[in-house]
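The lines below spell out each chain.
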Amino acid sequence: MNITLRQLRVFERVARRLSFTRAAEELYLTQPAVSMQIKQFEDTIGLPLFERLGRKIYLTRAGEELYRVSRSISLQLQEAEQLVEELKGAEGGRLAVSVASTVHYFAISLLADFRKRYPRVKVNFKITNRKGLLQQLEDNETDIVLMGQPPADQDLNAEAFMDNPLVIIAPPDHPLATQGRISLGDIQNETFIMREQGSGTRNSVERFFAEKGLKIGISMEMNTNAAVKQGVEEGLGLGIVSIHTIIRELQDQRMVVLDVEDFPLIRQWYIVTRAGKRLSAVAREFQDFIRQDAHRFVQTDLIRSALKREFIPPSAPTPSP
Ligand code: PGA
């Protein structure tokens, strides 16, 4: 019998997801390639690993036993990789960073600066929403995640590093754009473009309105901040986004932050890692870098002026410094 690591890797992913399609996507393979690996693996060991009932697949008894073993082999392989990274030190290591779609607005500048200090570090950078990030942490596929507050019931270490103000945005010609102290009652007559289910921004907004016992009208759901912003500019509705996502639009005066009661909602950005994960030297350096330097990559003055409680209409002349 000659079981290969590649067969184990593919089998482990299919078994974890109980889906050939998802396993293929995550391993960047085609579905026939995944099916072929599983077939060869079954031929090698002489036992079926999956059974199909209707549209679902299930692990057979042999499949379950081998899944347990392949999980522990892949954890040991990850440990071996981490050890190698550790031995390479911060100068030549690899760093896997995943960030919430909302964080990438400043995270790329942050990474660029970090690479200036450590030019030989190889970075694998992924952007996804909150749900995807939690999955990556669970699967141990990333070293460091930058996101909103993670749930307390998962085995994670989380450390807040910066405020994340959520604001209500409108185009400059919107009737509410020049109004000060808008009440929550007033915005109930408006419609909103909302981020998708699974987005941290969306969770916070829903929680806030539920606590207030209010319902807001949602005209559309969009799964990126860029789409929400464009929708707002096109007049499809108001949007609720992190202020960190609208720096360019504020600079160009293409968008305004509305002066609404209880807003901004202040959330925090967190550095999140899997509890018990041994971080490589480069990952630890990156963690320190975020703690100390992240705030340098957000435009504090612009944000401060956009969040002013006394509302400044977009047409008002900018005060000279
Ligand atoms: P998201 O990010 O809305 O892009 O998911 C924010 C978060 O992680 O809370």
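Everything numeric here is computed off the predicted structure, so don't read it as measured data.

Asks: Looking at this structure, I do not really get the packing of helix α1 (residues 5–17) against helix α2 (residues 20–27). What am I missing?
Replies: To describe two helices that pack against each other, one gives the angle between their axes and the distance between the axes. Axis separation between α1 and α2 bottoms out at 8 Å; the angle between their running directions is 130°. Considered as vectors, α1 and α2 are oriented oblique to each other. The hand of the α1/α2 crossing is right-handed. Only Phe-20, Arg-22, Ala-23, Glu-26 and Leu-27 of α2 make contact with α1, whose side of the interface consists of Arg-9, Val-10, Arg-13, Val-14 and Arg-17. Split into classes, the residues belonging to the contact of α1 with α2 amount to 5 nonpolar, no polar and 5 charged.

Asks: Looking at this structure, how should I read unusual backbone geometry?
Replies: Working note: non-glycine residues mostly have negative phi, and peptide bonds are mostly trans. That bond from Phe-263 to Pro-264 is cis: its omega, 0°, falls within 30 degrees of zero. Within the element layout of this structure, Pro-264 appears in the loop between β10 (256–257) and β11 (265–274). Phi at Tyr-28 is positive, roughly 55°, even though this residue is not glycine. With respect to the helices, strands and loops of the structure, Tyr-28 is situated in the loop between α2 and α3 (31–45). Relative accessible area serves as the criterion here: at 71%, Tyr-28 is assigned to the exposed category. Phi at Asp-262 is positive, roughly 70°, even though this residue is not glycine. Within the fold, Asp-262 resides in the loop between β10 and β11.

Asks: I keep staring at the pattern of salt bridges and nothing clicks. Help me out?
Replies: Side-chain pairing between opposite charges can occur once the charged atoms of the two side chains come close. Applying the stated rule across the entire model yields 25 salt bridges. In this structure, Glu-26 engages Arg-17 in a salt bridge whose closest nitrogen and oxygen atoms are separated by 2.8 Å. With its nearest N and O atoms 2.9 Å apart, the salt bridge here joins Asp-43 to Lys-39. Taken together, the residues span about one helical turn, with Asp-43 and Lys-39 both in helix α3 at a distance of 4 residues. Within this structure, Glu-12, Arg-13, Arg-16, Arg-17, Arg-22, Glu-26, Arg-71, Asp-139 and Glu-141 form a network of salt bridges that share partners.

Asks: How should the site of the ligand be read in this particular structure?
Replies: Around the ligand, the surrounding shell holds 13 residues, and the nearest of these are Ser-101, Thr-102, Ser-199, Gly-200 and Thr-201. Within the backbone of Gly-200, a nitrogen or oxygen atom sits 2.8 Å from an oxygen atom of the ligand. Within the side chain of Arg-267, a nitrogen or oxygen atom sits 3.0 Å from an oxygen atom of the ligand. Bound to the protein, the ligand loses 100% of the 280 Å² it would expose on its own.

Asks: Help me out: how do you make sense of the domain arrangement of the protein chain in this one?
Replies: Often, the extent of an interface is quoted as the loss of accessible area on bringing the components together. For the protein chain, the assigned domains read domain 1 (5–86), domain 2 (87–161 + 269–300) and domain 3 (163–266 + 302–307). Contacts between the two partners involve 11 residues from domain 1, matched on the other side by 16 residues from domain 2. Overall, the association of domain 1 and domain 2 removes approximately 1,200 Å² of surface from exposure, summing both partners, and the carbon and sulfur fraction of that is 31%. Taken as a group, Gln-82, Glu-85 and Glu-86 account for 52% of the area that domain 1 buries against domain 2, more than any other trio of residues on that side. On the surface where domain 1 and domain 2 come into contact, there are 3 salt bridges. A salt bridge links Glu-141 to Arg-13; its shortest N-O distance comes to 2.8 Å. Our count for the contact surface shared by domain 1 and domain 2 stands at 4 residue pairs in polar contact (both at pLDDT 80 or more). Counting only elements with at least two residues in the side of domain 1 that touches domain 2, the list comes to α1 and α4 (61–92).

Asks: Help me understand the environment of Asp-143 in this model?
Replies: Examined against the element boundaries, Asp-143 turns out to sit in the loop between α6 (130–138) and β5 (144–147). Residue classification places Asp-143 among the buried residues on the basis of a relative accessible area of 13%. What Asp-143 contacts, discounting residues up to four positions off in sequence, is Arg-94, Leu-95, Ala-96, Val-272, Thr-273, Lys-277, Leu-279 and Ala-283. Only 2.8 Å separates the side chain of Asp-143 from the backbone nitrogen of Ala-96, close enough to count as a polar contact.

Asks: For this particular structure, what's the right way to read the nonpolar core?
Replies: One recurring pattern in soluble globular proteins: nonpolar side chains tend to sit buried together. Ranked by size, the top nonpolar core spans 52 residues in total, and within it Phe-106, Phe-161, Ile-246, Phe-286 and Ile-290 carry the most contacts. Counting the residues that make up this core, at least three belong to each of domain 2 (87–161 + 269–300) and domain 3 (163–266 + 302–307). Those residues within four positions of Phe-286 in sequence are excluded, and the remaining contacts are Leu-95, Val-97, Leu-110, Leu-111, Phe-114 and Ile-144. Listed in part, the 21 residues of the second largest apolar core include Leu-166, Leu-176, Met-194 and Val-256.

Asks: Sorry, what's going on with α2 here?
Replies: For the α-helix, the turn length of 3.6 residues means that residues three or four positions removed from each other point alike. Restricting attention to buried positions, one finds in α2 the residues Phe-20, Ala-23, Ala-24 and Leu-27. All buried residues of α2 fall inside an arc of 100° around its axis, so they share one side. Where α2 is buried, its residues meet α1, α3, β1 (50–53) and β2 (56–59). Looking at where α2 begins, the residue whose side-chain oxygen comes 3.3 Å from the main-chain nitrogen of Thr-21 is Ser-19. Looking one or two places after α2, you find Tyr-28, whose phi comes out positive at around 55°.

Thresholds applied
- Residues numbered from 1 in each chain as written.
- Predicted model: local features only at pLDDT ≥ 70, side-chain atom pairs only at ≥ 80, totals over all residues.
- Heavy atoms only, no water.
- Axes fitted to C-alpha atoms, helices over the stretch in contact; angles between N-to-C directions.
- Helix = DSSP H or I, 4+ residues; strand = E, 2+ residues; numbered from the N terminus.
- Parallel < 35°, antiparallel > 145°, perpendicular 65-115°, else oblique.
- Left-handed = near helix turned anticlockwise from the far one by under 90°.
- Contact = heavy atoms within 4.5 Å.
- Nonpolar A, V, L, I, M, F, W, Y, C, P; charged D, E, K, R; others polar.
- Buried < 20%, exposed > 50% of the residue type's maximum accessible area, 1.4 Å probe, protein only.
- Salt bridge = Lys/Arg side-chain N within 4 Å of Asp/Glu carboxyl O.
- Near = heavy atom within 4 Å.
- Polar contact = N/O pair within 3.5 Å; in protein donor to acceptor, adjacent residues only side chain to side chain.
- Areas by Shrake-Rupley, 256 points an atom, 1.4 Å probe, with all protein chains shown as cover.
- Domains from an automatic or database assignment.
- Buried area = accessible area lost by both parts, 1.4 Å probe.
- Core = buried A, V, L, I, M, F, W, Y, C linked by side-chain atoms within 4.5 Å.
- Arc of directions from axis to C-beta.

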